[in-house]
Amino acid sequence: MLYWALVFLVVAIIAGALGFGGIAGTSAGIAQILFFIFLAFLIISLIAGLFKRAS
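Small disclaimer: the values here were computed from a predicted structure and weren't measured.

A. Geometry of the overall build of the protein chain. Looking only at helices and strands, one finds two helices and zero strands in the protein chain. The principal-axis extents of the C-alpha atoms in the protein chain amount to approximately 55 × 15 × 10 Å. A burial count over the protein chain gives 13% of its 55 residues as buried. When the accessible surface of the protein chain is summed, it comes to about 4300 Å², and 80% of that surface belongs to carbon and sulfur atoms.

B. The arrangement of a nonpolar patch on the surface in detail. On the surface, a nonpolar cluster with roughly 1100 Å² of combined accessible area is contributed by Leu-2, Leu-6, Leu-9, Ile-13, Phe-35, Phe-36, Leu-39, Leu-42, Ile-43, Leu-46, Ile-47 and Phe-51. Element by element, the count of residues in the nonpolar patch is highest for helix α2 (residues 21–54), at eight residues. Tracing the backbone shows Phe-36 in helix α2. Look at Phe-36 and you get partly exposed, because its relative accessible area is 47%.

About the criteria used
Residues numbered from 1 in each chain as written. Predicted model: local features only at pLDDT ≥ 70, side-chain atom pairs only at ≥ 80, totals over all residues. Heavy atoms only, no water. Helix = DSSP H or I, 4+ residues; strand = E, 2+ residues; numbered from the N terminus. Buried < 20%, exposed > 50% of the residue type's maximum accessible area, 1.4 Å probe, protein only. Areas by Shrake-Rupley, 256 points an atom, 1.4 Å probe, with all protein chains shown as cover. Patch = residues over 30% accessible without salt bridge, like charges linked within 9 Å, V, L, I, M, F, W, Y side chains within 5 Å. Salt bridge = Lys/Arg side-chain N within 4 Å of Asp/Glu carboxyl O.

Structure representation (structure tokens):
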């Protein structure tokens, strides 16, 4: 999932550099959403790992 966030970020940067504002904004929004989903999964995984070790 982090891979796709980075792909959309690169697409947004390239589209922004070429002057495609709408596509750049959409791609950046998708990249941001995917990044936060990845971050939430990371935190959940870390917490689950801590509980697994404790028991």
